[in-house]
Each structure stands twice: as C-alpha cells, then as structure tokens.
Amino acid sequence: MKKFLVLSALVITSCTLSNEEKAEKLVKETLKDYLYHPDSYEPISTRVDSMFIDVTTIEPIMEISDEIKNLISKINRCERKIESAESSMDIFAPNGYSSQYSRGEYSRAKKEKEEAKSDLNKYTKKLSEQLAFLKENVAKYHKGEFTGWAVSHRFRSLNGAGSMTIQEK
C-alpha cells in the first residue's frame, strides 16, 4: 500500500507544470498572434523569477539603470582612450633624437590622456551618485512581499523576410 501511495504522489507531482513550463506555454500562446510565421516558433530558454517590486513603479528604476549602463559604457571608453594615449606617449616619448613631429604627437597624446582622465573622474563620480540613487529607489519601491513573476523568454522564429531570427521578450 505504501508503494502505491508513493507512486501516486510521484505521478501527481510529475503532472504539474513548473513555473517555467507554465510561462513558456503562456508566451507561446501570446506570441502566436504577433509572429509572422507562428508555426516556425522554437523556444530556446525561459527564465522565471520572483518579483518583489510593484511593476507600475519600476519605470524610475529602469531609467536609472539605463543611465548607469550608459555611464559604464562612457567609463570603458575613457579607459580605452587613456590606454591608447599612454601607448602613443610610449611610442613618441621625447629623447635626444626626437623630431618636432614626435614631440607634437607626444604632446597631443598627453593632452588626450589628461582629458580622458578628467572625463573618467567625472563619469565615475556620476556613477557613484546614480548607484546611490538606484539603491534609494529600490528601497522605496521594494514591497518586501511577493508581487508576481518576471519572465525572460528567448525564442527563434522566421521574421517577415522569411529568415530565422533569435528574439528575447
């Protein structure tokens, strides 16, 4: 009798869909109305995560996150400029045989490095401010209780031109 109960419990639990499977099913049903070729739909991955933030208040957090992403991109660009300028400075470093051109290139590279360092400091300071602002906003909008599910879904399908594309929704 115990074996029957254990087997029954396994069958019942194996029949229930996981959150990912439920989300994938809902996404597939919804996408049918929007895809050019719904029959070409192939799911790649589905990720379901719990949310503890009210979706209606998430816009300010997303705007701050976009600003942070842009600042990180600018910081990376400054770091590359500094590295490039230092490389040029090494190449055109003045010595007893330097030409006017070499000294000019060295000066130009040194100026570029100083400007990039100045920009880097400015962007790094702004990034710190934005991170603090993000933390403040997350604390403000964080509900501390479950508010729903966030679903990230990647899939492949034919686009309007008939070629296969990978999309994320």
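Residues numbered from 1 in each chain as written. Predicted model: local features only at pLDDT ≥ 70, side-chain atom pairs only at ≥ 80, totals over all residues. Heavy atoms only, no water.

Chemist: Sorry, what's going on with the overall build of the protein here?
Modeler: Of the regular secondary structure elements, the protein holds 4 helices and 3 strands. When the elements of the protein are put in sequence order from the N terminus, they spell out α-α-β-α-α-β-β. Expressed as a percentage of its 169 residues, the buried residues of the protein come to 23%. For the protein, contacts bridging at least 24 residues in sequence account for 73% of all contacts bridging at least 6. Carbon and sulfur atoms form 54% of the exposed surface of the protein, whose accessible area is close to 12600 Å². (Helix = DSSP H or I, 4+ residues; strand = E, 2+ residues; numbered from the N terminus. Buried < 20%, exposed > 50% of the residue type's maximum accessible area, 1.4 Å probe, protein only. Contact = heavy atoms within 4.5 Å. Areas by Shrake-Rupley, 256 points an atom, 1.4 Å probe, with all protein chains shown as cover.)

Chemist: Got a minute to help me understand the packing of helix 3 (residues 59–91) against helix 4 (residues 100–141) in this structure?
Modeler: Put simply, helix 3 and helix 4 touch, their axes get as near as 8 Å, and they point 160° apart. By the criterion of interaxial angle, the relationship of helix 3 to helix 4 is roughly antiparallel. Like other packed secondary-structure pairs, helix 3 and helix 4 cross with a definite hand, here left-handed. (Axes fitted to C-alpha atoms, helices over the stretch in contact; angles between N-to-C directions. Parallel < 35°, antiparallel > 145°, perpendicular 65-115°, else oblique. Left-handed = near helix turned anticlockwise from the far one by under 90°.)

Chemist: Please explain the nonpolar core as it appears in this structure.
Modeler: Side chains of a nonpolar character, in soluble globular proteins, are inclined to be buried together. Counting residues in each nonpolar core, the largest one holds 13 residues, and the members touching the most others are Ile68, Ile75, Leu120, Tyr123, Leu127 and Leu134. Sorting the residues of this core by element identifies helix 3 and helix 4 as the ones contributing at least two each. When residues in this core are grouped by element, the largest group, 7 residues, is from helix 3. Within the second largest apolar cluster, 5 residues are counted, among which are Val27, Leu35, Tyr41 and Phe155. (Core = buried A, V, L, I, M, F, W, Y, C linked by side-chain atoms within 4.5 Å.)

Chemist: What is the right way to look at the side chain of Ser88 in this model?
Modeler: With respect to the element layout, Ser88 can be found in helix 3. Once residues lying within four places of it in the same chain are set aside, the contact partners of Ser88 are Arg108 and Ala109.

Chemist: I tried to follow helix 3 on my own but got confused; where do I start?
Modeler: Across its 33 residues, helix 3 extends 48 Å between first and last C-alpha, which sits within 8% of the 48 Å expected from 1.5 Å per residue. Those residues of helix 3 hidden inside the fold are in contact with helix 4. (Expected span 1.5 Å × (residues − 1).)

Don't take any of this as a statement about function, it's just geometry.
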